[in-house]
Every structure is written in structure tokens, then in C-alpha cells.
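Working through the structure, step by step
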Amino acid sequence: MEHIWKSNENENDELVSNIFLGLSGFVLLIWILVLVKIFEVNSDIIGTFTIIMEILLVIPTILVRLIKIRNALMKYIIIVDTGLMVGVSYLFFTHQMVIMFMIPALIALLYLDRKLLWFSEGISMVALVIAHLISVSFVAQPWIEMFTKTEDIIRFNLLPRLLQLLACHFIINIVFDKVKKYFQQYDRVINENYEYSNGKDIAPESEEFIKVLDQFTESEKNVFLELLRGKTNMQIAETGLNRDIIWNVKMMLRCLIIWGKRGRCGAPTTARSGDNI
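Predicted, not measured: the structure shown is a model, and the values here were computed from it.

A tally of helices and strands in the protein yields eleven helices and two strands. In the protein, the order of α-helices and β-strands from amino to carboxyl end is α-α-α-α-α-α-α-β-β-α-α-α-α. For the protein, the proportion of its 277 residues judged to be buried stands at 40%. Considering only contacts in the protein between residues 6 or more positions apart, those separated by 24 or more positions represent 67%. Carbon together with sulfur atoms contributes 64% to the accessible area of the protein, which is approximately 16100 Å² in total.

Next comes the structure, spelled out in C-alpha cells:
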């Protein structure tokens, strides 16, 4: 089952980088609304906040889209980056929105990786602690912090919010366990029906399965087996298999399910030259 978790990491990295790119536009919109006096925020505060947030928001896009980092470290970089953004927002604008610190954990859930989830929860708590300790000597907007002594800030602000965050993380972990359990049950069902041997997924006892394979060319068989392993179109194409063949196999599978034989499916959408790749 582990290969299924890892196979979609790159796609999740791209998804999150796209989300952050969209959020960068949202931050610019807030800055513009302040400039035209829709919101009343000190110009130095909103200017500093916008610069810091824009830098943090474009980091994943630069690493994923431009530098093209493709390894397990990238998801941890994204979580740290998210924790920094949440901490900055919390420090500059409000000490009430504890729910913002759930954002790193929600992003970590995309990867279905327990270690990453725990890492994200740790990052959130560290960011919360640092934000409150900084408020001892610096508060961007004084009215959001009613206490001035370190002891009072920790006792009345930091500790209650840490407890709230722990309660939220407890629920998130329960949801994570439940979702992963469903996937593991699905994996057991798949393994009961298919043998994974030497890179081929076959079920000798299944005559229908063999009949389907017999109607494919060698290249189409390779695509079909990759689909059974849970690979996406993009991941299959990266192995060098022709995109047209991937499309043909998916269309023929639909026809086989409906009609039961290839002859009812009509001509393939492209030439069969892909067999020579």
C-alpha cells in the first residue's frame, strides 16, 4: 500500500503550490483594499505583512515549478512554510483565530502520512508559542494583546490556545486513522484478487482478466497494468509510454466493460505505432 501513498506526493506538491499562488493574489487584494481605505490598517504593518507573506507564498511554486524538486523532503518544506505564514498572520492581525493553526495539519492530511501529520502539528504549536513570546516585546497592533507581562501572556493567552489546538489535533488524528483504515481495507481486498509478481499483476484463476489482457498489444498491456497499480495518466506518461496509448486503453476498457469484446468498440482513436516505443 505504501507505493500508493508515495505515487501522489508530486501531484500534491503541485496542488499546494497552486493553492499558495492563488493565496498570494488574495494577500495582494487585501493590501489594495487597505490602500483604498476599505480596511483601516497601519500602512507600515500591512506593507511588512504583504512582503513577508508574498515571499512565503511563492517559495513552494519556485521549488516545485521552477527548480522541480521531486522528493519526500518537499512536503516537509511546505509544512514549515505554512507554519511560518500562519504564525506571521496570527502575530500581525489577531490572537483569537487559533483555527488558523490547523492549516498545516489540513495540508498534511493530503499526503496521508502520519509522520508528516505529527510534524505539522509540532510546527503549528511551535509557531503559536513563538508568536506569543514575540508579543512580550513587540505587538503590531497593541489592542489585540491586553497583557504585557510574560507570565500573564503565557498563563492567560498561550496555554488556553495550546489546549484548544491539542483538542483540534486529537480530532484530526482520529479522522486520519479512520481514512487510512479504509484505504488499508481496500488494499487487502485488491491483494486477495491479484498477485503482484515480477512487475505483473495477474490473477491466473480469473479467465475474464486474462481475456481482457489478450485483447491488448504489449504496450497497451503495460499501460493497463500500470493503471491497476493506481498510477495516474501523468505518472504513466513519465515512464515513457505514449499518452495516446494511455487514452486508447482507458477507452477500450470502458467498451469492454459495456460490450464484453473489443470488436464492438470501433477503431482506436490513434494509430497503433505506440507498440514500437
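Let's shift gears to the environment of Ser-124. Tracing the backbone through its elements, the reader meets Ser-124 in helix 6 (residues 114-134). In the structure, Ser-124 is positioned 23 residues away from Phe-101 in sequence and 5.5 Å away in space, judged by C-alpha atoms. At 2.9 Å, the side chain of Ser-124 forms a polar contact with the backbone oxygen of Phe-101.

In this section: the nonpolar core. Formed by 41 residues in total, the largest nonpolar core has its most connected members in Phe-20, Phe-49, Ile-78, Phe-101, Ile-107 and Leu-128. Looking at this core, the elements with two or more residues in it are helix 2 (9-35), helix 3 (43-66), helix 4 (73-93), helix 5 (103-109), helix 6 and helix 7 (150-193). Not counting residues up to four positions away in its chain, the partners in contact with Phe-49 are Val-27, Val-88, Ser-89, Phe-92 and Phe-93.

Quick look at the layout of surface pockets now. Reported here for the largest pocket is a volume of approximately 500 Å³. Along the wall of the largest pocket there are 23 residues; nearest its centre are Leu-23, Met-53, Ser-89, Met-100 and Ile-103. Broken down by secondary-structure element, the contributors of at least two residues to the lining of the largest pocket are helix 2, helix 3, helix 4 and helix 5. Take the lining of the largest pocket: its biggest share by element is six residues, from helix 2. Classifying every residue of the lining of the largest pocket by side-chain character gives 20 nonpolar, three polar and no charged.

For the rest of this paragraph, the subject is helix 3. Between its first and last C-alpha atoms helix 3 spans 32 Å; for 24 residues at 1.5 Å apiece the expected length is 34 Å, and the two agree. Within helix 3, the axis deviates most sharply at Val-58, by approximately 30°, and proline Pro-60 lies no more than four positions further along. You can read the cap of helix 3 off the contacts: a side-chain oxygen lies 2.8 Å from the backbone nitrogen of Asp-44, and it is on Asn-42. Of the residues one or two after helix 3, Lys-68 is the one with positive phi, at around 60°.

Here we come to a nonpolar patch on the surface. A contiguous nonpolar patch, built from Leu-28, Trp-31, Ile-32, Leu-35, Val-36, Ile-38 and Phe-39 and spanning about 640 Å² of accessible area, is present on the exposed surface. One can find Trp-31 in helix 2. We classify Trp-31 as partly exposed; its relative accessible area is 34%.

All right, on to the packing of aromatic side chains then. A full pass over the atoms with the stated rule returns three aromatic pairs. Here Phe-49 and Phe-92 contribute two aromatic rings whose centre-to-centre distance is 6.1 Å and whose plane-to-plane angle is 55°, an arrangement assigned as tilted. Taken as a pair, Phe-49 in helix 3 and Phe-92 in helix 4 lie far apart in primary sequence, 43 residues in all. Residues Tyr-90 and Phe-101 carry aromatic rings whose centres are separated by 4.9 Å and whose planes lie at 75° to one another, so their mutual orientation is edge-to-face. Taken as a pair, Tyr-90 in helix 4 and Phe-101 in the loop between helix 4 and helix 5 lie far apart in primary sequence, eleven residues in all. Accessibility expressed as a relative area gives 0% for Tyr-90, which makes it buried. Residue class for Phe-101 comes out buried when judged on its relative accessible area of 1%.

The geometry of helix 3 relative to helix 4 is characterised by a closest axis approach of 10 Å and an angle of 170° between their N-to-C directions. The orientation of helix 3 relative to helix 4 falls into the category roughly antiparallel. Taking contact as the criterion, the partners of Ile-45, Ile-46, Thr-48, Phe-49, Ile-52, Met-53, Leu-56, Leu-57, Ile-59, Pro-60, Leu-63 and Val-64 in helix 3 are, on helix 4, Met-74, Ile-77, Ile-78, Asp-81, Leu-84, Met-85, Val-88, Ser-89, Phe-92 and Phe-93.

Criteria and thresholds
Residues numbered from 1 in each chain as written. Predicted model: local features only at pLDDT ≥ 70, side-chain atom pairs only at ≥ 80, totals over all residues. Heavy atoms only, no water. Helix = DSSP H or I, 4+ residues; strand = E, 2+ residues; numbered from the N terminus. Buried < 20%, exposed > 50% of the residue type's maximum accessible area, 1.4 Å probe, protein only. Contact = heavy atoms within 4.5 Å. Areas by Shrake-Rupley, 256 points an atom, 1.4 Å probe, with all protein chains shown as cover. Polar contact = N/O pair within 3.5 Å; in protein donor to acceptor, adjacent residues only side chain to side chain. Core = buried A, V, L, I, M, F, W, Y, C linked by side-chain atoms within 4.5 Å. 1 Å grid on protein atoms, 1.4 Å probe; cavity = no way out; pocket = protein on both sides within 12 Å on 5 of 7 lines; lining within 4 Å. Points joined across faces, edges and corners; volume = space filled by probe spheres on them. Nonpolar A, V, L, I, M, F, W, Y, C, P; charged D, E, K, R; others polar. Expected span 1.5 Å × (residues − 1). Bend = angle between axes of the 7 residues up to and from the residue. Patch = residues over 30% accessible without salt bridge, like charges linked within 9 Å, V, L, I, M, F, W, Y side chains within 5 Å. Salt bridge = Lys/Arg side-chain N within 4 Å of Asp/Glu carboxyl O. Phe/Tyr/Trp six-rings, centres within 6.5 Å; stacked < 30°, edge-to-face > 60°. Axes fitted to C-alpha atoms, helices over the stretch in contact; angles between N-to-C directions. Parallel < 35°, antiparallel > 145°, perpendicular 65-115°, else oblique.

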